[in-house]
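Descriptive analysis of the structure
Here's the letter readout for the chains.
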Amino acid sequence: MPQLIDPPPSPAPIELGDAIAALVALRFDAAEQGAWDAALPILAGLSANRRFLGDLAVAALTTRDDGRHAYGPPVMMLAHGVGPWFLRANLWPAADDALLCASGRRAFFYDLPHDHNFSFLTIGHHGPGYESDGWEVDTPPLGLPGEAVALRPTGRVRLDRDRMMLYRAHRDVHAQRPPARFSVSLNLVESSGRERARSQYRYDTDDGRIASRLDVTAIEGLLPLVAHLGGGEGAGLLDEIAARHPAPRMRFAAVRALAGSATDVDARVAILDAAARRDDPLVSTLAARALGDLPGVLAWAETGPAAGT
């Protein structure tokens, strides 16, 4: 379960600009010892300001917004690009709210057991808050499709107003449920670049397995295009990605694209065989699997991952 944190008693409200300046002055970095503890009173003070978020929403609707606060059905971005973190407001509609009926439950990750590839501190800002069923993972998974994961149930918790929680990357798995009434949380989110080397997963909590990845990116869709149409320069780029990209999923995606564009079966087998012999656990395991199911993996390389996986 995420770490439940007692917020500072009766924090003084602060403005959004002051909260951003305080985080910049703090040089907040999630990897540093005590970073979350130091940032806690800043997020609590911002949440104690019950006016600022409504003012931003009114400004957006009256065209006075200057474009800094991107927004969509589930999220309003409050600050990004000023440090290895960002601030956002998450919107949590109730089951009968028009926003949920129009966007669907999946847009808000409701009923979807998942982890995060970043850590974040959250506080209930408005409304009764969503409920979530939780599980804890002691050992982060390798990331193989269908991989068995020891999920320890931790019960149900609600993000009440002013309650604070710290979600830990690849440690905390949860499935959120719609709140009784429209609610809002504020999040301080790790954005150091380290999260790009990790994946986010959906879990089958009944069988204790990874059901699918949730972080398929547009870049992955470009790799087969580069393999087929990029010529020698494209092949060299894919070799570099396969060897050096920080994310294992991207290294294998490059291998898969190269295999999919090879001119004959022997060449395809050679590419996958070489990858299967590498000292790279995820890549070597997936490449070995691909050798056992060559037609399937090559079709995947041609078309990209299925939507929603």
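Structure report, in brief. For clarity, every value in this text was computed on a predicted model and none was experimentally measured.

Some details on the side chain of His-170
- Along the chain, His-170 falls in the loop between strand E7 (164-167) and strand E8 (172-177).
- The class for His-170 is buried, based on a relative accessible area of 7%.
- Sequence-distant contacts of His-170, that is, excluding residues within four places in its chain, are made with Asp-115, His-116, Asn-117, Val-137, Pro-140, Arg-198, Ser-199 and Tyr-201.

What to know about the packing of aromatic side chains
- Throughout the structure, instances matching the rule amount to seven aromatic pairs.
- Here Tyr-201 and Tyr-203 contribute two aromatic rings whose centre-to-centre distance is 6.4 Å and whose plane-to-plane angle is 80°, an arrangement assigned as edge-to-face. Side by side, Tyr-201 and Tyr-203 carry an identical accessibility label, which is buried.
- Ring-pair connections join several aromatic residues into one group, and the members of that group are Trp-92, Phe-108, Tyr-110 and Tyr-130.
- The ring centre of Phe-120 lies 5.8 Å from the NZ or CZ of Arg-88, which sits over that ring.

A few points about the layout of surface pockets
- One number sums up the size of the largest pocket: a volume of about 660 Å³.
- Looking at the largest pocket, it is lined by 34 residues, and the ones nearest its centre are Arg-88, His-116, Asn-117, Phe-118 and Gln-200.
- Taken together, the elements giving at least two residues each to the lining of the largest pocket come down to strand E3 (85-92), strand E4 (120-126), E8, strand E9 (183-190) and helix H7 (248-261).
- Broken down by element, the lining of the largest pocket gets its largest block of residues, five residues, from E3.
- For the lining of the largest pocket, the residue count by class is 15 nonpolar, 12 polar and seven charged.

Section: empty space enclosed by the protein
- As enumerated under the stated definition, the model contains two cavities of 30 Å³ or more in all.
- Within this model, the second largest cavity holds a volume of roughly 30 Å³.
- What lines the second largest cavity is a set of 10 residues, among which Pro-2, Ser-132, Asp-133, Gly-134 and Val-157 lie closest to the centre.
- Those elements that provide at least two residues to the lining of the second largest cavity are strand E5 (131-137), strand E6 (151-158) and E8.
- Each residue belonging to the lining of the second largest cavity can be placed in one class, and the counts come to four nonpolar, five polar and one charged.

Some details on a nonpolar patch on the surface
- Together, Leu-222, Leu-225 and Leu-229 line one region of the surface with nonpolar side chains, adding up to about 320 Å² of accessible area.
- Its place among the elements puts Leu-229 in helix H5 (residues 218-229).
- Residue Leu-229 is classed as exposed on the basis of its relative accessible area, which comes to 67%.

Quick notes on the nonpolar core
- One finds Phe-28, Leu-53, Leu-78, Leu-87, Leu-121, Leu-186 and Leu-188 to be the most contacted residues of the largest nonpolar core, which totals 32 residues.
- Elements supplying a minimum of two residues to this core: helix H1 (16-26), helix H2 (35-48), helix H3 (52-61), strand E2 (75-79), E3, E4, E7 and E9.
- Per element, the largest residue contribution to this core is eight residues, and it comes from H2.
- Those residues within four positions of Leu-188 in sequence are excluded, and the remaining contacts are Leu-23, Phe-28, Trp-36, Ala-39, Leu-43, Trp-85, Phe-86, Leu-87, Ser-119, Phe-120 and Leu-121.
- Counting 22 residues, the second largest nonpolar core, distinct from the first, contains Leu-223, Ile-241, Ala-247 and Ala-287.

Focus: unusual backbone geometry
- The backbone phi angle of Arg-27 is positive, close to 55°, even though this residue is not glycine.
- Its location among the elements puts Arg-27 in the loop between H1 and H2.

A closer look at helix H6 (residues 231-244)
- Under the 1.5 Å per step criterion, the end-to-end length of H6 is 20 Å for 14 residues, consistent within 8% with the ideal 20 Å.
- Among the residues of H6, those classed as buried are Gly-234, Leu-238, Ile-241 and Ala-242. Burial along H6 is one-sided: seen end-on, the buried residues are contained in an arc of 95°. Exposed residues lying more than 90 degrees from the buried face of H6 are Gly-232, Glu-233, Ala-243 and Arg-244.
- Buried residues along H6 sit in contact with H5 and H7.

Parameters at a glance
- Residues numbered from 1 in each chain as written.
- Predicted model: local features only at pLDDT ≥ 70, side-chain atom pairs only at ≥ 80, totals over all residues.
- Heavy atoms only, no water.
- Helix = DSSP H or I, 4+ residues; strand = E, 2+ residues; numbered from the N terminus.
- Buried < 20%, exposed > 50% of the residue type's maximum accessible area, 1.4 Å probe, protein only.
- Contact = heavy atoms within 4.5 Å.
- Phe/Tyr/Trp six-rings, centres within 6.5 Å; stacked < 30°, edge-to-face > 60°.
- Lys NZ or Arg CZ within 6 Å of the ring centre and 35° of its normal.
- 1 Å grid on protein atoms, 1.4 Å probe; cavity = no way out; pocket = protein on both sides within 12 Å on 5 of 7 lines; lining within 4 Å.
- Points joined across faces, edges and corners; volume = space filled by probe spheres on them.
- Nonpolar A, V, L, I, M, F, W, Y, C, P; charged D, E, K, R; others polar.
- Patch = residues over 30% accessible without salt bridge, like charges linked within 9 Å, V, L, I, M, F, W, Y side chains within 5 Å.
- Areas by Shrake-Rupley, 256 points an atom, 1.4 Å probe, with all protein chains shown as cover.
- Salt bridge = Lys/Arg side-chain N within 4 Å of Asp/Glu carboxyl O.
- Core = buried A, V, L, I, M, F, W, Y, C linked by side-chain atoms within 4.5 Å.
- Expected span 1.5 Å × (residues − 1).
- Arc of directions from axis to C-beta.

These figures capture arrangement, not role.
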